[in-house]
Amino acid sequence: MDIGVISVRYARALLKCSMESSAEDQVYQEMQALAENYIQVPELRRTIENPMVSNEKKESILLAAIGSGASDITQRLVKLVLKEGRANMMQFIANSYVTLYRQQKNITRGKLTTAVSVSPAIEQKMRKMVESRTNGTVEFTTEVDSSIMGGFILDYDTYRLDTSVKSQLNNILKQLKN
């Protein structure tokens, strides 16, 4: 069976269970933390997939990666996944849960890249613009990248609005070459 199919099934069950107990927001934070730790700490995946490491040790490692005060639902999920021998799917389950939660709550991820840091008012204005276009809420991040020289790049959903000086100069250069 496909890892993606199995992980989505676990994630759907986790979402349903967490919504029934009104803990979906906490579980969302926990799954985000776990997914982020899989990215930040490559040894985590190797350790969890190592058959020589006991399930008890894997459980404590996963709960530590989730963070202190893991919800009862998350703890039960970790135990179930380890009991069923599907420890190698924890990263995929966490990512699938995050995706399903965002779909359920109509949350879009947005990113604003600017050459210099922007004021909170400008960031809020960009967030409101994205929220009005997506008819949902936005998880918004900002990044400063001086290589764009000016303007901004706004990414959300599958859209990109690039008004950076760098891209405008590249467009002029392409036109001059033709």
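Whatever comes next refers back to the structure up there.
A. Here's a closer look at the overall build of the chain. Within the chain one finds eight helices and four strands. Reading the secondary structure of the chain in the N-to-C direction produces α-α-α-α-α-α-β-α-β-β-β-α. By principal-axis analysis of the C-alpha atoms, the chain measures approximately 60 × 35 × 30 Å. Summarising the internal contacts of the chain: among those between residues at least 6 apart in sequence, 67% fall at separations of at least 24. Of the roughly 10,800 Å² of accessible surface on the chain, 52% is carried by carbon and sulfur atoms.

B. Geometry of the side chain of Ser164. Note that Ser164 resides in the loop between β4 (159-162) and α8 (165-177). Beyond its immediate stretch of four places on either side in the chain, Ser164 contacts Ile148, Gly150, Gly151, Phe152 and Ile153.

C. Molecular detail of the packing of helix α1 (residues 3-20) against helix α5 (residues 72-83). Contact geometry for α1 and α5: axes closest at 11 Å, N-to-C directions at 155°. Between α1 and α5, the crossing angle belongs to the class labelled roughly antiparallel. In terms of crossing hand, the pair formed by α1 and α5 is right-handed. Here Tyr10, Leu14, Cys17 and Ser18 of α1 come into contact with α5, specifically with Ile73, Arg76, Leu77, Leu80 and Val81. Per-class residue counts for the contact of α1 with α5 are seven nonpolar, one polar and one charged.

D. Main features of the sheet that holds strand β3 (residues 152-156). With respect to topology, four strands assemble into an open sheet ordered β2-β1-β3-β4, the strand pairing being mixed. Among the strands making up the open sheet, the edge pair consists of β2 (137-144) and β4. Across the sheet, the mean angle from the axis of one strand to that of its neighbour is 15°, orientation sign disregarded. Note: β3 against β4, four bridges, orientation antiparallel. When the bridges of β4 are listed, Leu154 appears paired with Leu161.

E. Quick look at helix α2 (residues 24-40). Taking 1.5 Å per residue, 17 residues should reach 24 Å; α2 reaches 24 Å between its end C-alpha atoms and fits that length. For α2, the set of buried residues is Glu24, Val27, Tyr28, Glu30, Met31, Leu34, Ala35 and Tyr38. Across the axial projection of α2, the buried residues extend over an arc of 165°, all falling on one side. The secondary structure elements touched by the buried residues of α2 are α1, α3 (42-49), α4 (55-66), α5, α6 (90-105) and β2.

F. Inspection of the packing of aromatic side chains at higher detail. Enumeration over the complete set of coordinates arrives at three aromatic pairs. Ring geometry for Tyr28 against Tyr101: centres 4.0 Å apart, planes inclined by 15°, an arrangement best described as stacked. With Tyr28 in helix α2 and Tyr101 in helix α6, the pair connects residues that are 73 residues apart, well separated along the chain. Judged by centre distance (6.3 Å) and plane angle (25°), the ring pair of Tyr97 and Tyr101 falls under stacked. Of this pair, Tyr97 and Tyr101 both sit in helix α6, four residues apart, which is roughly one turn of the helix. Exposure remark for Tyr97: the relative accessible area of 0% places this residue in the buried category. Here the aromatic residues Tyr28, Tyr97 and Tyr101 are joined through ring pairs into a cluster of three or more.

Each value, and the rule that gives it
Residues numbered from 1 in each chain as written. Predicted model: local features only at pLDDT ≥ 70, side-chain atom pairs only at ≥ 80, totals over all residues. Heavy atoms only, no water. Helix = DSSP H or I, 4+ residues; strand = E, 2+ residues; numbered from the N terminus. Contact = heavy atoms within 4.5 Å. Areas by Shrake-Rupley, 256 points an atom, 1.4 Å probe, with all protein chains shown as cover. Axes fitted to C-alpha atoms, helices over the stretch in contact; angles between N-to-C directions. Parallel < 35°, antiparallel > 145°, perpendicular 65-115°, else oblique. Left-handed = near helix turned anticlockwise from the far one by under 90°. Nonpolar A, V, L, I, M, F, W, Y, C, P; charged D, E, K, R; others polar. Pairing = 2+ DSSP bridges. Expected span 1.5 Å × (residues − 1). Buried < 20%, exposed > 50% of the residue type's maximum accessible area, 1.4 Å probe, protein only. Arc of directions from axis to C-beta. Phe/Tyr/Trp six-rings, centres within 6.5 Å; stacked < 30°, edge-to-face > 60°.

All we've got here are geometric facts, nothing functional implied.
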